[in-house]
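Fold and geometry: a report
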Amino acid sequence: MDTFIAIMTGLAPSVGVGLLFWLAMRKILHADRNERLALERMDAEEAAAAAESESR
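These remarks concern the structure in this document. (Residues numbered from 1 in each chain as written. Predicted model: local features only at pLDDT ≥ 70, side-chain atom pairs only at ≥ 80, totals over all residues. Heavy atoms only, no water.)

Glancing now at the overall build of the protein. In terms of helices and strands, the protein carries one helix and zero strands. The C-alpha radius of gyration computed for the protein amounts to 24 Å, which surpasses the reference 10 Å derived for 56 residues by more than 25%, pointing to a less compact arrangement than a globule. The C-alpha extent of the protein, read off along each of the three principal axes, is 80 × 10 × 5 Å. When burial is assessed residue by residue, the protein has 0% of its 56 residues classed as buried. (Helix = DSSP H or I, 4+ residues; strand = E, 2+ residues; numbered from the N terminus. Rg over C-alpha atoms; globule rule 2.2 N^0.38 Å. Buried < 20%, exposed > 50% of the residue type's maximum accessible area, 1.4 Å probe, protein only.)

Here it is, written out as structure tokens:
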């Protein structure tokens, strides 16, 4: 049982850092996806406004 606790104690920092890295990368990727969607919406609105002003 002491060996198991020693192994878990040794692995805990690596697992913790890995979890933090995964969470950070997940947050970054979600933010990037949302930013790309927002830019796409803005481009579509600008294109629609330009088309509307040209048709007048």
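Among the surface-exposed residues, Glu-40, Asp-43, Glu-45 and Glu-46 lie close enough to one another that they form a single negatively charged patch. Among the structural elements, Glu-40 can be located in helix H1 (residues 2-55). Look at Glu-40 and you get exposed, because its relative accessible area is 56%. (Patch = residues over 30% accessible without salt bridge, like charges linked within 9 Å, V, L, I, M, F, W, Y side chains within 5 Å. Areas by Shrake-Rupley, 256 points an atom, 1.4 Å probe, with all protein chains shown as cover. Salt bridge = Lys/Arg side-chain N within 4 Å of Asp/Glu carboxyl O. Lys, Arg positive; Asp, Glu negative; His and termini not counted. Charge placed at Lys NZ, Arg CZ, Asp CG, Glu CD.)

Let us look at a nonpolar patch on the surface. Together, Met-1, Phe-4, Ile-5, Ile-7, Met-8, Leu-11 and Val-15 line one region of the surface with nonpolar side chains, adding up to about 730 Å² of accessible area. Residue position: Val-15 is located in helix H1.

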